[in-house]
Amino acid sequence: MIFGRSERGKPPVEPVTLKILVAGGFGVGKTTLVGAVSEIRPLRTEELLTEAGRPVDDLSGVEAKNTTTVAMDFGRITLREDLVLYLFGTPGQERFWFMWDELAEGALGAVVLADTRRLEDCFAAVDYFERRSIPFLVGVNCFEGAPRYPVEDVRRALDLDAHVPLVTGDARDRESVKEVLIGVVQHAMAQAAQRRRTVTV
């Protein structure tokens, strides 16, 4: 089936659309992740870094970065004929955090990307989703040359609740990203089922 069309003789399928946020610190790989998996050319709102931003943009560990997302990244991936994910990458810098509430509206769940060289940069995203009870998964983006730690050590460092999934992967690799997104959907569905059981007890 071609997206938006049905095979001859079959009624068109109206897909269920799900919204996933991709959040994390500055330079952690959010734009890369959306671009790696999107079946459409991703919408990007990147601007060149300027001298004016140097006092507020910490480039430690990402010195080669010369652009930044100022609004959002947007991509789409069709998991099945009847299931489509829309991906929204959030801006990483604190001065753009006011946009997160708009982007989070109606989200099924979120991916919080982490970089072991700058783990503290993802604390704000973890806190944001915890306070709003939005299901999220932490994905450690394995940069070349970055230190590798056991998953449980990273979990302790981030002070994550036991039920929050934590995985490692590569934001540049389509299959790796797909596994992360499937993990978010499964986690969000499990959380919703748990809430329903709690309500009916």
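Each remark here, short or long, concerns the structure printed above.
Procedures and definitions
Residues numbered from 1 in each chain as written. Predicted model: local features only at pLDDT ≥ 70, side-chain atom pairs only at ≥ 80, totals over all residues. Heavy atoms only, no water. Helix = DSSP H or I, 4+ residues; strand = E, 2+ residues; numbered from the N terminus. Buried < 20%, exposed > 50% of the residue type's maximum accessible area, 1.4 Å probe, protein only. Contact = heavy atoms within 4.5 Å. Polar contact = N/O pair within 3.5 Å; in protein donor to acceptor, adjacent residues only side chain to side chain. Pairing = 2+ DSSP bridges. Right-handed = clockwise from strand over helix to strand, strands pointing away. Phe/Tyr/Trp six-rings, centres within 6.5 Å; stacked < 30°, edge-to-face > 60°. Lys NZ or Arg CZ within 6 Å of the ring centre and 35° of its normal. Salt bridge = Lys/Arg side-chain N within 4 Å of Asp/Glu carboxyl O.

Peer 1: What exactly am I supposed to notice about the environment of Asp101 here?
Peer 2: Within the fold, Asp101 resides in helix 2 (residues 100-104). Here Asp101 falls in the partly exposed class, since its relative accessible area comes to 44%. In sequence terms Asp101 and Tyr128 are 27 residues apart; their C-alpha atoms lie 9.6 Å from each other. Among all residues touching Asp101, those that are not within four sequence positions of it are Tyr128 and Arg132. Of the polar contacts made by the side chain of Asp101, one reaches the side chain of Tyr128; its length is 2.6 Å.

Peer 1: Is there a simple way to explain the pairing of strand 5 (residues 109-114) in this structure?
Peer 2: Both faces of the sheet carry side chains from a regular strand, because those side chains alternate between them. Burial analysis of strand 5 places six of its six residues in the buried class, which makes it a mostly covered element. Neither face of strand 5 is open: one carries Gly109, Val111 and Leu113, the other Ala110, Val112 and Ala114, and all of them are buried. Of the strand pairs in this sheet, strand 1 (residues 16-24) and strand 5 are connected by five bridges, and their pairing is parallel. Bridge pairing in strand 5 places Gly24 opposite Leu113. Across five bridges, strand 5 lies against strand 6 (residues 136-141) in parallel orientation. Across the sheet, residue Val111 finds its bridge partner in strand 6, namely Leu137. In this view, the connection linking strand 5 to its parallel neighbour strand 6 by way of helix 3 (residues 123-131) has right-handed handedness.

Peer 1: For this particular structure, what's the right way to read the packing of aromatic side chains?
Peer 2: Geometry of an aromatic ring pair is reported as the spacing of the ring centres plus the angle between the planes. Evaluated as defined, the whole model comprises four aromatic pairs. Ring geometry for Tyr128 versus Phe129: centroids 5.3 Å apart, planes at 90°, classification edge-to-face. Phe129 shares its class with Tyr128; the two are buried. An aromatic cluster is defined as three or more aromatic residues linked by ring pairs; in this entry it consists of Phe74, Tyr86 and Phe88. Across from the ring centre of Phe88, 4.8 Å away, lies the NZ or CZ of Lys19, which sits over that ring.

Peer 1: Honestly, the pattern of salt bridges in this entry has me stumped. Any pointers?
Peer 2: One pass over the structure, following the stated rule, counts 11 salt bridges. Salt-bridge contacts for Arg132 lead to Asp101; the nearest nitrogen and oxygen are separated by 3.5 Å. A residue pair is termed long-range when its members are at least 10 positions apart, and Arg132 in the loop between helix 3 and strand 6 and Asp101 in helix 2 qualify at 31 residues. Accessibility expressed as a relative area gives 34% for Arg132, which makes it partly exposed. With a closest N to O distance of 3.8 Å, Lys178 and Glu175 form a salt bridge. Of this pair, Lys178 and Glu175 both sit in helix 5 (residues 174-200), three residues apart, which is roughly one turn of that helix.

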